[in-house]
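Listed here are the chains, written in short residue letters.
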Amino acid sequence: SALASPDPTHFEGFGEEDALESDSEEFEDGPIEILIPPPTVTQSNFETHHGPPEPSSPEPKPKPSSSSFEYWDEDEFEGLPIDPSPRTENPTENSSSPPEITQQSPSPKTLPSRSFHVEIICVSFLISFIINYFTGKRENENIALAWASCFATKDTIFDKNFSLLGTGDGKDTPLLLKEGQNIFKFYASGRRYCQGLLATMELQSRHDLLSRIYNFVVPCKDEITFEVYMNDENMDHVLFAMARKKLAKVIHKEVRDLQRYAGLLSVPMNRKWVSEELAVMSESREVASDLITEAVLDQVFGEKAFEKFGKGFISFHFSDQHAGSHRKMLVFKFSLPNANNMADMTRLVALVPYYIDLVGRYKLSSQARSKTEAARAKAAQEIYKELQNVRQEAIQRKKAERRKLMEEAEAKLSAEALRKKEEKERARQLKKTMPKVKMTRAH
Amino acid sequence: MSHSGGADPRMPSASKPYASSPISATDLPADYSGFFAIAFGIVGLMLRYKLCSWLAIICCAQSLANMRNVENDLKQVVMAMTVQFWMCIDCLDCKF
């Protein structure tokens, strides 16, 4: 193998001449590399060369005709071990081998074929996203305007019931307030028994392609929620909620005031009741039966009527213990039909003013009132106790902190100050134990 | 529906203009897509991974579309846009 080692330096000039000048730092590690691997490589290659030509070797074996170097003169190297071919091979094995660089530079045109699929897909997605943004926005606006034109414009139901429509204050007030692309608010005020009504339409976000796709998987309906802020003096201890059975269970657990006061009512035998799909929750049975009047049963919630008109109904929640800013509120939740048959929900919307009047004039009977009074007193007690505990804990914590501060102060005091303190403490104790001796001045 | 209280229920005197309650930033629905935008952005930036940066751009577009009230979301969207800007530059130069 000694034979091989000096020769490579001779071959060095060969073929690699230009590479060496071009990147000098390659030069330092270039020859060292060549020196170390060839002895091992040549032996192995030497034997294999007699066998079939290695298909894998990137370069054709140095047969006289196919060698890649133009000025290859085979006479000169007869009888010598076939050194250069492995040499050109082994540099290609290590990553930064100079010949490879030379090979790459001659063909910059064919960039490694980078698939542009990612770009194509993403750009087309973005374009469709933007197109969908505008069409979805218009679609949402159409639905909101269809609802408004059906219920909130001239001589419609809200116009007959409320003197001020829309969120502004003057005459040319916009009817709907747009919050984001899928939330629309409608405000009405100026009616007896209540301070105002806020209708919030939460539509599917059709403007956003991703949530549209998501909605294929998880369907969600357009909803409208009416919140009626009742006057304090007009609403008695009414606590009533109604929804479909499945939803009623969820509401009963989640909503705090229902959980605390209301119970799930069974269907009374003696009179007509809402369709069995619905569940009623109320604090007292009497209040519930008063609120479910004959008119409401035949128009909307009776057996037959419910199939026809009740499709859009989601839930009612009337309560004077509403958590949140306004205590006495009636909440109606309906689902919106699509834009062109908005009139289907006329009866449901007509329920809103009907119940404002009904609850506004409703007075509990004496025994019902006593029960509700007791329940509310108990609840108030609990709240008071909770507050009490909280205050107690706060005081305890403050005391503990003060004690800790005192101890820290003492620890900081130097030793003799401590001694003085203890003496004073002992003196005080002594004085306390001494019998009370009074000094009287001699007369 | 027969309006039992026949008299006109409207009382113009009792009408109160709409006072929209200022919703604080905390109880806004969390803007997940904004968060994903920045997360993908940074991952794309670090690992030079093109798909991540494109996903970040899409998430940022979605959070832009879902922007409810301007002043709260503006801060987030501007941040997301700057991250995209880095990535676009970065994406371009990591191609050549």
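Residues numbered from 1 in each chain as written. Chains lettered and ligands numbered in written order. Predicted model: local features only at pLDDT ≥ 70, side-chain atom pairs only at ≥ 80, totals over all residues. Heavy atoms only, no water.

This paragraph deals with the pairing of strand β3 (residues 183-191) of chain A. Within a regular strand, the side chains alternate between the two sheet faces. Residue and element names in this part refer to chain A. Among the nine residues that make up β3, nine are buried, leaving the element largely enclosed by the rest of the structure. As paired elements, strand β1 (residues 164-165) and β3 share two bridges and run antiparallel to each other. Looking at the pairing, Leu164 lines up with Ser189 of β3. The antiparallel pairing of strand β2 (residues 176-179) with β3 creates a hairpin that spans three residues between the two strands, and Gly180 there sits at a positive phi of about 75°. With eight bridges joining them, β3 and strand β4 (residues 194-202) adopt antiparallel strand pairing. The residue bridging Lys185 from the neighbouring strand is Thr200, located in β4. Where β3 folds back on β4, the antiparallel hairpin that results is connected by two residues, among which Tyr193 adopts a positive phi of roughly 70°. (Buried < 20%, exposed > 50% of the residue type's maximum accessible area, 1.4 Å probe, protein only. Helix = DSSP H or I, 4+ residues; strand = E, 2+ residues; numbered from the N terminus. Pairing = 2+ DSSP bridges.)

Moving on: the packing of aromatic side chains. All names here are of chain A. Under the counting rule described, the total for this entry stands at 27 aromatic pairs over all chains. On the basis of an interplanar angle of 55° and a centroid distance of 5.3 Å, the ring pair of Phe318 and Phe332 is categorised as tilted. Taken together, the residues Phe318 in strand β9 (residues 313-319) and Phe332 in strand β10 (residues 329-335) connect sequence positions 14 residues apart. On the basis of relative accessible area, Phe332 is assigned to the buried category, the value being 0%. Seen from the ring of Phe309, Arg347 lies directly overhead, with NZ or CZ sitting 3.9 Å from the centre. Over the ring of Tyr261 we find Arg376; its NZ or CZ atom is 5.2 Å from the centre of that ring. (Phe/Tyr/Trp six-rings, centres within 6.5 Å; stacked < 30°, edge-to-face > 60°. Lys NZ or Arg CZ within 6 Å of the ring centre and 35° of its normal.)

Now for helix α1 (residues 32-47) of chain B. Residue and element names in this part refer to chain B. Given a rise of 1.5 Å per residue, 16 residues ought to cover 22 Å, and the 22 Å separating the end C-alpha atoms of α1 matches this to within 8%. Among the residues of α1, Ser33, Gly34, Ala37, Ile38, Gly41, Gly44 and Leu45 are the ones counted as buried. Buried residues of α1, viewed axially, fall in a sector of 140°; they line one side. Exposed and facing more than 90 degrees away from the buried side of α1 are Tyr32, Phe35, Met46 and Leu47. Within two residues after α1, Arg48 carries a phi angle of roughly 55°, on the positive side. (Expected span 1.5 Å × (residues − 1). Arc of directions from axis to C-beta.)

Together, B:Ile42, B:Val43, B:Met46, B:Leu47, B:Tyr49, B:Leu51 and B:Leu55 make up an exposed nonpolar region whose accessible area comes to about 650 Å². The element that contributes the greatest number of residues to the nonpolar patch is α1(B), accounting for four residues. (Patch = residues over 30% accessible without salt bridge, like charges linked within 9 Å, V, L, I, M, F, W, Y side chains within 5 Å. Areas by Shrake-Rupley, 256 points an atom, 1.4 Å probe, with all protein chains shown as cover. Salt bridge = Lys/Arg side-chain N within 4 Å of Asp/Glu carboxyl O.)

Moving on: the UniProt feature "transmembrane region" (unreviewed entry) in chain B. UniProt marks residues 32-49 of chain B with the feature "transmembrane region" (unreviewed entry), using the numbering shown here. Spanning residues 32-49 of chain B, this segment combines 89% helix with 0% strand, and its end C-alpha atoms are found 21 Å apart. (UniProt positions renumbered as here; feature names shortened; annotations may be inferred.)

Counting residues at the interface gives 42 residues for chain A, matched by 29 residues for chain B. Of the roughly 3200 Å² buried between chain A and chain B, counting both surfaces, carbon and sulfur atoms make up 64%. Counting across the chain A and chain B interface gives zero salt bridges. Run the count over chain A and chain B and you get eight residue pairs in polar contact (both at pLDDT 80 or more). When contributions to the side of chain A that touches chain B are tallied by element, the ones reaching two or more residues are α6 (117-151), α7 (157-161), β2, β3, β4 and α14 (346-361) of chain A. The element that contributes the greatest number of residues to the side of chain A that touches chain B is α6(A), accounting for eight residues. (Contact = heavy atoms within 4.5 Å. Buried area = accessible area lost by both parts, 1.4 Å probe. Polar contact = N/O pair within 3.5 Å; in protein donor to acceptor, adjacent residues only side chain to side chain.)

With respect to the element layout, A:Leu351 can be found in helix α14. Taking relative accessible area as the criterion, A:Leu351 reaches 0% and is therefore assigned buried.

Another point: the packing of α6(A) against helix α2 (residues 50-65) of chain B. The interhelical angle for the contact between α6(A) and α2(B), taken along N-to-C directions, is 5°, at an axis separation of 10 Å. The pairing of α6(A) with α2(B) is recorded here as roughly parallel in orientation. Of the residues in α2(B), those touching α6(A) at A:Val118, A:Glu119, A:Cys122, A:Val123, A:Phe125, A:Leu126, A:Phe129 and A:Tyr133 are B:Lys50, B:Leu51, B:Trp54, B:Ile57, B:Ile58, B:Ala61, B:Gln62 and B:Ala65. Among the residues making up the contact of α6(A) with α2(B), the classes are represented as 13 nonpolar, one polar and two charged. (Axes fitted to C-alpha atoms, helices over the stretch in contact; angles between N-to-C directions. Parallel < 35°, antiparallel > 145°, perpendicular 65-115°, else oblique. Nonpolar A, V, L, I, M, F, W, Y, C, P; charged D, E, K, R; others polar.)

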